[in-house]
Amino acid sequence: MAGEITFSMIKPGAVRDRNAGAILAMIEKAGFDIVSLKKTALTKERAEAFYAVHSERPFFNDLVSYMTSGPIYALVLKKENAVTDFRTLIGATNPADAAEGTVRKLFANSMEDNAVHGSDSDENAQIEASFFFAEVERF
Ligand code: IDP
Ligand code: MG
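Quick summary incoming for the structure in this document. (Residues numbered from 1 in each chain as written. Chains lettered and ligands numbered in written order. Predicted model: local features only at pLDDT ≥ 70, side-chain atom pairs only at ≥ 80, totals over all residues. Heavy atoms only, no water.)

Around ligand 1 sit Lys11, Tyr51, His54, Phe59, Leu63, Arg87, Thr93, Arg104, Met111, Glu112 and Asn114, and that is every residue in its neighbourhood. At 2.9 Å from an oxygen atom of ligand 1 is found a side-chain nitrogen or oxygen belonging to lysine 11. In this structure, arginine 87 approaches ligand 1 through a side-chain N or O atom, which is 2.8 Å from an oxygen atom. With the chains in place, 79% of the 530 Å² that ligand 1 exposes on its own is no longer accessible. A majority-of-atoms criterion places ligand 1 in the largest pocket. Its residues placed into classes, the shell around ligand 1 shows four nonpolar, three polar and four charged. (Near = heavy atom within 4 Å. Polar contact = N/O pair within 3.5 Å; in protein donor to acceptor, adjacent residues only side chain to side chain. Areas by Shrake-Rupley, 256 points an atom, 1.4 Å probe, with all protein chains shown as cover. 1 Å grid on protein atoms, 1.4 Å probe; cavity = no way out; pocket = protein on both sides within 12 Å on 5 of 7 lines; lining within 4 Å. Sits in = over half its atoms within 2 Å of the grid points. Nonpolar A, V, L, I, M, F, W, Y, C, P; charged D, E, K, R; others polar.)

The next subject is helix α5 (residues 82-90). Note on helix geometry: an α-helix contains 3.6 residues per turn, so any two residues three or four positions apart are oriented the same way. For α5, the set of buried residues is Ala82, Val83, Phe86, Leu89 and Ile90. Burial along α5 is one-sided: seen end-on, the buried residues are contained in an arc of 125 degrees. Those residues of α5 that are exposed and aimed more than 90 degrees away from the buried face are Thr84 and Thr88. Where the residues of α5 are buried, they touch β1 (5-10), α2 (20-29), β3 (72-78), α6 (103-107), β4 (116-118) and α7 (122-132). Backbone geometry just downstream of α5 places glycine 91 in the positive-phi region, at approximately 85 degrees. (Buried < 20%, exposed > 50% of the residue type's maximum accessible area, 1.4 Å probe, protein only. Helix = DSSP H or I, 4+ residues; strand = E, 2+ residues; numbered from the N terminus. Arc of directions from axis to C-beta. Contact = heavy atoms within 4.5 Å.)

Right, let's talk about the environment of alanine 14 for a bit. For alanine 14, the position within the fold is in helix α1 (residues 12-16). When its relative accessible area of 1% is taken as the criterion, alanine 14 is described as buried. Along the primary structure alanine 14 and proline 58 are separated by 44 residues, whereas in three dimensions their C-alpha atoms are 23 Å apart. Each residue touching alanine 14, except ones within four places of it in the same chain, is listed here: Asn19, Ala20, Ile23, Tyr66, Asp113 and Ala115.

So, on to the side chain of asparagine 114. Relative to the assigned elements, asparagine 114 resides in the loop between α6 and β4. Under the relative-accessibility criterion, asparagine 114 is labelled buried at 2%. Here methionine 111 takes part through its backbone oxygen, which lies 3.3 Å from a polar atom of the side chain of asparagine 114. With residues near it in sequence (within four places) discarded, asparagine 114 still touches Lys11, Tyr66, Thr93, Arg104 and Ala108.

We now examine the nonpolar core. Among the nonpolar cores identified, the biggest contains 21 residues, and Phe7, Met9, Tyr51, Met67, Val76 and Phe132 are the most heavily contacted of them. Among the elements of the structure, β1, α3 (44-50), α4 (60-67), β3 and α7 are those that each provide at least two residues to this core. Per-element tally for this core: the top contributor is α4, with five residues. Excluding anything up to four places from it in sequence, phenylalanine 132 contacts Phe7, Met9, Lys38, Thr40, Leu42, Arg46, Phe50, Ile72, Ala74 and Glu137. Counting 20 residues, the second-largest nonpolar core is a separate cluster that includes Ile23, Met26, Leu89 and Val103. (Core = buried A, V, L, I, M, F, W, Y, C linked by side-chain atoms within 4.5 Å.)

Here it is, written out as C-alpha cells:
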C-alpha cells in the first residue's frame, strides 16, 4: 500500500555515541513498526551508490567517508504516512534548524553527522529498503 513504509539508517556517529537504542525507542514511541533491522556497514562503493543523487554536491566525498566510518543500523519502518511522519520525527537536515524534540535536534552533531537518514518519497523508500533487505527479511 502506498505510503506505508519508509527506510532509515542510524548513521555511524549516532552508533558511535551509543544513541542507537534511544533513537529506536523514539521510533517505536512515535508509532512506527520495525519491519526490518540490521547492524551493518557501507563500503565506499555502496555509500557512493546509495547517495548517487548527491554525487555532484561539494559535500559528497566527505559524506561518503563519514558514512563508511563505522557501522550503521538499517531499518525498514511501517506506519500510515511513513515517509512524511518520519521526516517530521527526525527534523531538518541541519540540526541547527531542527525542531525541539526531534531526533536530529537531540542527537545530531553537525549537518553531516546528523544521526539518521530518512527516505524522501514513497518511491525512494522502496528503492532504499531493497538496497539493504530482501523481501523475505520484511516482517
Ligand atoms: P536529508 O538526509 O535530510 O534527506 P539530503 O539533502 O538528502 O538531506 O542530504 C543527505 C545527507 O548529506 C544529509 O543527511 C547530511 O548527512 C549530508 N549533507 C547534506 N547537506 C550537507 C552539507 O551542506 N554539508 C555536509 N553534509 C551535508
Ligand atoms: Mg535526502
